[in-house]
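# What the coordinates show
Take a look at the letters that make up each chain.
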Amino acid sequence: MSIKSSRLNDLYIRLQRRFHPEKDVFVKVSDIAEVLGCTSRNVRLVLTEMADHGWIQWLPASGRGKQSRLVFLRSSEQISQSEIREMLESGRLAEMLTLVEGDTAELENQIYQHLGTVIEGECKIVRVPWYRSLDRLEPWKPQRRTERHLMRQCFSGLTRYDDELKRVVPDLAHHWIKNDTATQWDFYLRSGLKFSDGSPLQASDIEKCLNAMCRSPVFSRIYSGIVKIQTIDKQRLRFTLKSPDVHFADLLSHTSALIYGMTKGKVMFSGHWMVKSHDDFNLVMKVNPWYHGLRPVIDEVNIMRIESDILDMGRIQVFYQGMSSRETEFSEARIERGSCFLVVDGNGRFAEEEDRVFLNHVLQPVDILKNSSHRKKMNLALSVAQGLIPGWYHRILDIVPPIRHKMYRELTLATFEQPELAKHAEGIVSILERYGIKCRVVTRSFQAFFSSPPANIDLWLTNFVLDDANDCSLNNWLQSDPILERCGNGWNKEKNQVAKEIRNGDISCEKALEQLVRQFTFSRWFIPLVYHRVDHEQIRHNSAFSNELGWVNFSDAWFDIR
């Protein structure tokens, strides 16, 4: 009786892992039976079949309790592509590492043979590694930068920001008009719009999505100026606003304004791509056949989770394979438009001015990194932040002695699940211990952190990266981030006033926001820590640039298919 190949492979890996790194061992049949979880009789059947495959040499000894000889013969070259794919898709890198005898360079070589652009049958596929699991692509929830990028691939909004034109352009909308006071906006939809299941996408569907955002506990902050959304007909939608907003079309390019449908509990997509499958180890996207725009050159994108503790794949490198040295000469270091920073809670135990000055003094970025377990090369990826945005110089240099009667206290720090933030938190805890301050760290998932922030927090450790260069994106973030609202000194009142002036067109968006954030950073409610530096190749794949994280626009990119 033959054993299924995948099952036989699993049993081989168990054996090799148990006796690794020895290639030639003497072992009792009873010991092998314990490893494989089967009877002694079945052990002989399994080993015989492995020997027939050329994976092992099995020299049984005669007599009960005697040790037999087991020689492992299988080399890394004998690992089939189907086995590699199966292990990659199920996140079993530890097993792959065993098969290549612990050689991470060989493992990386095996993985890269499986990644990139390939053809399977008539299907053109791009396989991409990523260092963590991806959250569900749901526009109605707070999302990280990578998920927001992928959502823009799978969903369309009424408008979108064009990186080349540096302005908002129509997407689902064909065009729009506004009245003289910018309090009424009419959007006219393209003809023939459909969701990914082929059902019509009409003005009433968009009204339903955006009304849900107006009621959202997270995003209602940025839609609070909308009085009414009205479907005039199947292709016309009217927005009535409380007050003038000359930037309203920019607001509708926000990821929370992406349009989706629901049928029988399943999401219907409106963008270039639709999600084929999604689990902890894989996100598979395939082309949406009903998309209203141009069809991508590829048919499927498979993003695989590759564990970062085994391989260093923090950046997506497959897109640059095969580039000539001349093309890569244009590589340059960039700083992401965002930062990692601290927010002092206005109701916390360190809200007094002398406490904020103390925290600003002792929590220096370089000291935090020195006291954490960051990899040594992390210093190449980070730059000391002087403001929340590169180019803003707001952090004040405080040199103060420790306040003795303020020492020997407790502080609660909140952050969300991200490897880098966990390391930063380590450094902060270590520094505060010098001053007798016992720091307790509360960690939540990303969505829980922003949807329902924990209570009784003194200090918040967070980060952000803006999606594009539009100043309105910065305003949308400042208006919607619930962690910023935890600081004191009237942040909500000040930001609402600035937002009103920006909507009226009375002041420059960037200048007004810079002055607002400077005020609260000068007061040490915000403590900037680090920026992210990225070695970012400005390489165009025909019409697509990669973004700050190395992602490309899968919809517009050209891929050389091998």
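Residues numbered from 1 in each chain as written. Predicted model: local features only at pLDDT ≥ 70, side-chain atom pairs only at ≥ 80, totals over all residues. Heavy atoms only, no water.

### Side note on the environment of Ser-270
Here Ser-270 lies in the loop between β13 (266-268) and β14 (273-278). Residue classification places Ser-270 among the buried positions, given a relative accessible area of 1%. For Ser-270 and Lys-194, which are 76 residues apart along the polypeptide, the C-alpha to C-alpha distance reads 7.1 Å. (Helix = DSSP H or I, 4+ residues; strand = E, 2+ residues; numbered from the N terminus. Buried < 20%, exposed > 50% of the residue type's maximum accessible area, 1.4 Å probe, protein only.)

### A look at the packing of aromatic side chains
Under the criterion given, the structure shown has 22 aromatic pairs. Where Trp-140 meets Tyr-260, the ring centres are 4.7 Å apart and the plane angle is 50°; that geometry is what we call tilted. Of this pair, Trp-140 sits in the loop between β5 (123-130) and α7 (145-154) while Tyr-260 sits in the loop between α9 (248-251) and β12 (261-263); the two residues are 120 residues apart in sequence, bridging distant segments of the chain. With relative accessibility at 25%, the residue Trp-140 sits in the partly exposed group. Residue classification places Tyr-260 among the buried residues on the basis of a relative accessible area of 13%. On the numbers, 5.7 Å between centres and 50° between planes, the contact of Trp-185 with Phe-248 is tilted. Of this pair, Trp-185 sits in strand β9 (residues 184-189) while Phe-248 is found in helix α9, placing the two residues 63 residues apart along the sequence. Exposure class is identical for Trp-185 and Phe-248. Each is buried. By way of ring pairs, the aromatic residues Phe-341, Phe-464, Trp-477, Trp-491, Phe-520 and Phe-526 are connected into one cluster. (Phe/Tyr/Trp six-rings, centres within 6.5 Å; stacked < 30°, edge-to-face > 60°.)

### Here we look at the pairing of strand β8 (residues 173-178)
Of the pairings in the sheet, the one linking β8 to β9 comprises five bridges and is antiparallel in character. Pairing of His-175 across the sheet is with Tyr-188, part of β9. (Pairing = 2+ DSSP bridges.)

### Describing the packing of helix α15 (residues 471-480) against helix α16 (residues 491-504)
Running from amino to carboxyl end, α15 crosses α16 at an angle of 150°, the nearest separation of the two axes being 10 Å. Between α15 and α16, the crossing angle belongs to the class labelled roughly antiparallel. Like other packed secondary-structure pairs, α15 and α16 cross with a definite hand, here left-handed. Along its contact with α15, which presents Asn-475, Leu-478 and Gln-479, the element α16 presents Trp-491, Lys-495, Asn-496, Ala-499 and Ile-502. Its residues assigned to classes, the contact of α15 with α16 comprises four nonpolar, three polar and one charged. (Axes fitted to C-alpha atoms, helices over the stretch in contact; angles between N-to-C directions. Parallel < 35°, antiparallel > 145°, perpendicular 65-115°, else oblique. Left-handed = near helix turned anticlockwise from the far one by under 90°. Contact = heavy atoms within 4.5 Å. Nonpolar A, V, L, I, M, F, W, Y, C, P; charged D, E, K, R; others polar.)

### Looking at the sheet that holds β5
The sheet built from five strands is open, its strands ordered β4-β5-β16-β15-β14 with mixed pairing. Each having just a single partner strand, β4 (116-120) and β14 make up the two edges of the open sheet. Geometrically, the sheet is characterised by an average inter-axis angle of 25° between neighbouring strands, direction not taken into account. Here five bridges tie strand β15 (residues 282-287) to strand β16 (residues 300-305), and the two strands are oriented antiparallel to one another. Following the sheet pairing, Val-284 is matched in β16 by Asn-302.

### Brief notes about α7
A large share of α7 lies buried, amounting to nine of its ten residues. Buried residues of α7: Arg-145, Thr-146, Glu-147, Arg-148, His-149, Leu-150, Met-151, Gln-153 and Cys-154, and no others.

### Details of the pattern of salt bridges
As enumerated under the stated definition, the model contains 19 salt bridges in all. Among the salt bridges present, the one from Asp-467 reaches Arg-145, with a minimum N-O distance of 3.8 Å. With Asp-467 in the loop between β22 (459-465) and α15 and Arg-145 in helix α7, this residue pair connects regions lying 322 residues apart in the sequence. Exposure class is identical for Asp-467 and Arg-145. Each is buried. As a salt-bridge pair, Glu-485 and Lys-495 come within 3.1 Å of each other at their nearest N and O atoms. Remark: Lys-495 occurs in helix α16 and Glu-485 occurs in the loop between α15 and α16; sequence separation between them is ten residues. (Salt bridge = Lys/Arg side-chain N within 4 Å of Asp/Glu carboxyl O.)

### A look at the sheet that holds strand β3 (residues 68-72)
What the three strands build is an open sheet, ordered β1-β3-β2; its pairing is antiparallel. Edge strands, defined here as strands with exactly one partner in the open sheet, are β1 (24-27) and β2 (56-59). On average, each strand axis in the sheet is tilted by 20° relative to the strand beside it, whichever way the strands run. Relative to β3, β1 runs antiparallel, the two sharing four bridges. By the bridge assignment, Phe-26 is partnered in β3 with Arg-69. Taken strand by strand, helix α2 (residues 29-36) contacts β1, β2 and β3, and its axis lies near 105° from that of β1.

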